[in-house]
Structures are given as structure tokens and as C-alpha cells.
Amino acid sequence: MKITNDTLLRAARGQQVEHTPVWFMRQAGRSQPEYREIKKKYSLEEITHQPELCAYVTKLPVDNYDVDAAILYKDIVTPLPGMGVDVKIKAGIGPVISNPIRSVADVEKLQEFHPEEHVPFVLETIKILTKEQLTVPLIGFAGAPFTLASYMIEGGPSKSYNRTKAFMVSEPQAWFALMDKLADMIITDIKAQVQAGASAIQIFDSWVGALNVEDYRIYIKPIMTRIFSELRETGVPLITFGVGASHLANEWHDLPVDVVGLDWRLSIEEARQRGITKTVQGNLDPSYLIGSWDEIEKRAKRIVEQGVAHPGHIFNLGHGVFPEVDPDVLKRLTDLVHTYSRELISQKSN
Ligand SMILES: Cc1c2[nH]c(c1CCC(=O)O)Cc1[nH]c(c(CCC(=O)O)c1C)Cc1[nH]c(c(CCC(=O)O)c1C)Cc1[nH]c(c(C)c1CCC(=O)O)C2
């Protein structure tokens, strides 16, 4: 279907909009009663393998909250089985990998990823959504090499990333080989998602904030530069994101991306002062969503005000919606951002 609401795409490119576009990370998830019903019967993997059902889950937040974009329901680890990684998503834990990477030989064993062969169900879901159902952009996505490598090396979620960082500095050759293989996968995966119909891309480097700036420049920036440079060819807006990574915001700004994602630790105003001139995405602390509406309203308004002060803001949370959040709050918040930003933008143009 034709995209009739392209505010997200225009905001990503720093163009004029009538209202600040809104979407929420993890909007298609456990805060929704309809989703929880489906989860009683099917796992995340089972949902993603059924394109009609997966499209329904992806579209739910657009129908229920009136957000300005859908994000494909799948996970950052969805492509990994195609590379020979044995991964299962465990409830309440996250991705768990039974054959973690511990050596150069383990990196060499990783297989080449082919989207049409390994994730045809993902491409089919995208086609159903974009050809038949959505009038807002569909955001395709992938995990970034560091964040994926952290699961592949630790064998599961981690708080410290000790093994990952030790491997990175002690086995640089194996590390860079791993980064290259993951980058190949990410680039082919994203190109296939765009070909199928995704019209914006977010690369989740959720855990890269664990690195200092110097290590980021040595071990990560070159591969991120390659990934985004190659993805530039798709012509769709490119968004980067990570948690606790404010110290890397300027490094991200250097990358060939359109949008710099901010969690809640750095305000939009501060980011602008630090020379972030590109579109920013964020950045309400999701914790507030289970607090009082007055505080949510006050803080969301402040973010909208900072966002309209300079062209290019996509409203989002600093990280994902968590299961305890009331869906009515997300609807109310979406309406608030739309209404308040419309008011501020029309005042500005008068
Ligand atoms: C690090 C990461 C993962 N997955 C993802 C990231 C990057 C974003 C971030 O920083 O949170 C990305 C992701 N995972 C999921 C989406 C779907 C789209 C959306 O955002 O609405 C997206 C964009 C579905 C999911 N992925 C997962 C769920 C929850 C489990 C479920 O409903 O079965 C969902 C809806 C599982 C998962 N998968 C992962 C974790 C940490 C978890 C959570 C474990 C838990 O809390 O149960 C890995």
C-alpha cells in the first residue's frame, strides 16, 4: 500500500513535518494483551515463522496507538541460525546460544547467510505488511556486530561483557574476522529487507556503550562505517541506537547515518550542544511510563520542545517498552506528542 503518513521518513532526513513522528522500541511486545494471548500458544520463533500472524503482531501498535511507524516483529538473533549458530530465545532471559564462539576456529566455522534461503518468512512478512496493510513506514532492522558478538561469545545475555571484550583485545585477528562475517550478514539481510519493502532501517548496537571511545574507534568504528556506507546504496534512512552510549554519540554522528539514537542519559539539548546536528531519536526514560501521567506529560513535552528547536526529531523511548506498561499510556503519549508538536510547529511557522 501507499505510505500516506511519511513523517518518520521526512524527519529522519531533517525535512519539515507537521508533527513529530512517534514510535516505541519494543512496541510489538508483551505490554499488549493481544500479544500476550498469542504468546500463550506460540514462541517468538513460531510467530516469526508465520508471516500472517507476524504481520498482525507488527501492525497491532499502529492500530492501537496510532504510531507513525511499524517495526518488524522478529529479533536481532533471528538470522543467526542461518550462520550455524544454535540460538533459542528463553522467556525472561533473552537469547541463549549453545555453541558460543571461543576461538579463531569457531569464527571460521560460521556460514554465509542467504536471506531468501534462511529467513524467507521475514521477507514474506515484510511483503504482506508493505504491499497490503501499512500506510506508515515499516522499519527493518538488524543487530550490530558488537551486540550480536556479545551474545555469540558470552553464550547469552551479560552485564559486563568480560569474555567479549577480552576476546576483542586479545584475539584481534579473530575479532576482525568475526566483525567482517557479521557485517556481511547484516548488509545482505538489510538489503533484502529493503528490497521486500522496508522503508527505514535501524541498527541496534544496544550494548556497545560498554566500550570506551578509544576501543570503539579501533574495534568497531571501521566495521560500522563499512556497514552504513554499503547500506547507503539502499536509499532509505539509516538509524543507529545503543543504551548507555552517550560518550559515543559523536562517533555515531561521524558514521554515514541519518539518525542518531539517544537513550535517556543525554538530553536532546545537550546532544545539540555537543555538535550532533543530524536527526535525533528518543528519548523518554521508559521507567516513567509506570509512574504518574503528570510526570510523563511534563517530561514528554520537554523532549518535544527540545526536538522542534532544531529540525529533525523522532520521538521514542530511551529503550524498549517493558511488559508492565499500560497500553493506554502509550496511546495517550502518542496523542500528546502529536498534538503538542503540531501546536509548537504551527506557532513556529507563523
Ligand atoms: C538486545 C536485543 C535483543 N533483541 C532486540 C535487541 C535490540 C533492542 C534492545 O536493546 O532491546 C531487538 C528486538 N527484539 C524484538 C523486537 C521487535 C520489534 C519491537 O521492537 O517491537 C526488536 C526490535 C522482539 C522481542 N525479543 C524478545 C522479546 C520478549 C520475549 C517474548 O515476547 O517472547 C520480544 C518481544 C526477546 C529478547 N531478545 C533480546 C532480549 C534482550 C530479549 C528480552 C528477554 C526478555 O525480556 O524476555 C535480544
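Here is what the cut-offs are and how they apply
- Residues numbered from 1 in each chain as written.
- Predicted model: local features only at pLDDT ≥ 70, side-chain atom pairs only at ≥ 80, totals over all residues.
- Heavy atoms only, no water.
- UniProt positions renumbered as here; feature names shortened; annotations may be inferred.
- Helix = DSSP H or I, 4+ residues; strand = E, 2+ residues; numbered from the N terminus.
- Expected span 1.5 Å × (residues − 1).
- Bend = angle between axes of the 7 residues up to and from the residue.
- Buried < 20%, exposed > 50% of the residue type's maximum accessible area, 1.4 Å probe, protein only.
- Contact = heavy atoms within 4.5 Å.
- Phe/Tyr/Trp six-rings, centres within 6.5 Å; stacked < 30°, edge-to-face > 60°.
- Pairing = 2+ DSSP bridges.
- Axes fitted to C-alpha atoms, helices over the stretch in contact; angles between N-to-C directions.
- Parallel < 35°, antiparallel > 145°, perpendicular 65-115°, else oblique.
- Core = buried A, V, L, I, M, F, W, Y, C linked by side-chain atoms within 4.5 Å.
- Near = heavy atom within 4 Å.
- Polar contact = N/O pair within 3.5 Å; in protein donor to acceptor, adjacent residues only side chain to side chain.
- Areas by Shrake-Rupley, 256 points an atom, 1.4 Å probe, with all protein chains shown as cover.
- Nonpolar A, V, L, I, M, F, W, Y, C, P; charged D, E, K, R; others polar.
- Left-handed = near helix turned anticlockwise from the far one by under 90°.
- Salt bridge = Lys/Arg side-chain N within 4 Å of Asp/Glu carboxyl O.

The chain is annotated in an unreviewed UniProt entry as Uroporphyrinogen decarboxylase of Chryseomicrobium excrementi. Per UniProt, the comment on the chain under Function (unreviewed entry) is "Catalyzes the decarboxylation of four acetate groups of uroporphyrinogen-III to yield coproporphyrinogen-III." Under the heading Pathway (unreviewed entry), UniProt records this for the chain: "Porphyrin-containing compound metabolism; protoporphyrin-IX biosynthesis; coproporphyrinogen-III from 5-aminolevulinate: step 4/4."

Our next topic: helix H4 (residues 51–65). With 15 residues, H4 should reach 21 Å at 1.5 Å per residue; the first-to-last C-alpha distance of 22 Å fits that figure. Roughly 35° is the biggest bend found in H4, and it falls at Lys59, with proline Pro61 one to four residues downstream. Every buried residue of H4 is accounted for by Pro51, Leu53, Cys54, Ala55, Val57, Thr58, Leu60, Pro61, Val62 and Tyr65. On its buried face, H4 is in contact with helix H2 (33–41), helix H3 (44–48), strand E1 (70–71), helix H7 (120–133), strand E4 (138–143) and helix H15 (327–349). One or two steps after H4, the chain reaches Asp66, where phi turns positive at roughly 65°.

Further remarks concern the packing of aromatic side chains. All chains considered together, the criterion is met by 6 aromatic pairs. Judged by centre distance (5.3 Å) and plane angle (85°), the ring pair of Phe141 and Phe204 falls under edge-to-face. Of this pair, Phe141 sits in strand E4 while Phe204 sits in strand E5 (residues 200–204), and the two are 63 residues apart along the sequence. Each member of the pair, Phe141 as well as Phe204, carries the same accessibility label: buried. Taken together, the ring pairs connect Phe141, Phe204 and Phe241 into an aromatic cluster.

Bridging between strand E2 (residues 87–90) and strand E3 (residues 94–97) involves 4 bridges; their strand directions are antiparallel. Looking at E3, one finds that Ile89 is bridged to Pro95. Once E2 ends, the chain turns through 3 residues before running back antiparallel as E3, passing Gly92 with a positive phi of about 75°.

As a further point, take the environment of Leu336. As for its position among the elements, Leu336 is in helix H15. Expressed as a C-alpha distance, the spacing of Leu336 and Ala300, which sit 36 residues apart in the sequence, is 8.2 Å. Ignoring any residue separated from it by four or fewer positions in sequence, one finds Leu336 in contact with Trp293, Glu297, Ala300, Lys301 and Ser341.

Right, let's get into the packing of helix H9 (residues 162–170) against helix H10 (residues 172–196). Orientation of H9 relative to H10, taken along the N-to-C sense of each, is 110°, at an axis distance of 5 Å. Considering their axes alone, H9 and H10 lie roughly perpendicular with respect to each other. Packed against H9, whose contacting residues are Thr164, Phe167, Met168, Val169 and Ser170, the element H10 presents Pro172, Ala174 and Trp175 at the interface.

Once that is clear, we can look at the UniProt feature "domain: Uroporphyrinogen decarboxylase (URO-D)" (unreviewed entry) in the chain. Under the UniProt annotation, "domain: Uroporphyrinogen decarboxylase (URO-D)" (unreviewed entry) lies at residues 21–30 and 139–155. In the segment residues 21–30, helix accounts for 0% and strand for 0%; the C-alpha atoms at its two ends are 23 Å apart. With 59% helix and 29% strand, residues 139–155 has end C-alpha atoms that lie 28 Å from one another.

The subject of this paragraph is the nonpolar core. One finds Leu80 and Leu333 to be the most contacted residues of the largest nonpolar core, which totals 118 residues. If one sorts the elements of this core by residue count, H10 sits on top with 13 residues. Beyond its immediate stretch of four places on either side in the chain, Leu80 contacts Val85, Val87, Ile97, Leu148, Met152, Leu182 and Met185. By size, the runner-up hydrophobic cluster in this structure holds 9 residues, among which are Tyr35, Leu53, Val57 and Tyr73.

Taken together, the neighbourhood of the ligand is formed by 25 residues, with Arg26, Tyr35, Lys39, Ser206 and His319 sitting nearest. The backbone of Arg26 places a nitrogen or oxygen atom 2.6 Å from an oxygen atom of the ligand. Within the side chain of Arg30, a nitrogen or oxygen atom sits 2.8 Å from an oxygen atom of the ligand. In the complex, 92% of the free accessible area of the ligand, which totals 860 Å², lies under the protein chains. Broken down by secondary-structure element, the contributors of at least two residues to the shell around the ligand are H2 and E3. Here the shell around the ligand is composed, by residue class, of 15 nonpolar, 5 polar and 5 charged.

Let us look at the packing of H4 against H7. For the pair H4 and H7, the least separation of the axes is 9 Å and the interaxial angle reads 60°. Taken as axis vectors, H4 and H7 run oblique relative to one another. Our pair here, H4 against H7, has a crossing hand that is right-handed. Between H4 and H7, the residues in contact are Pro51, Glu52, Cys54, Ala55, Thr58 and Lys59 and Phe121, Glu124, Thr125, Ile128, Leu129 and Gln133, respectively. Within the contact of H4 with H7, the residues separate by chemical class into 6 nonpolar, 3 polar and 3 charged.

Side chains that carry opposite charge are capable of pairing whenever their charged atoms lie near each other. Enumeration over the complete set of coordinates arrives at 19 salt bridges. One salt bridge connects Glu251 with Arg217, and the closest N-O pair in it is separated by 2.9 Å. In this pair, Glu251 sits in helix H12 (residues 249–254) while Arg217 sits in helix H11 (residues 213–232), placing the two residues 34 residues apart along the sequence. Overlapping salt bridges, with partners in common, bring together Asp180, Asp184, Arg226 and Glu230 in one network.

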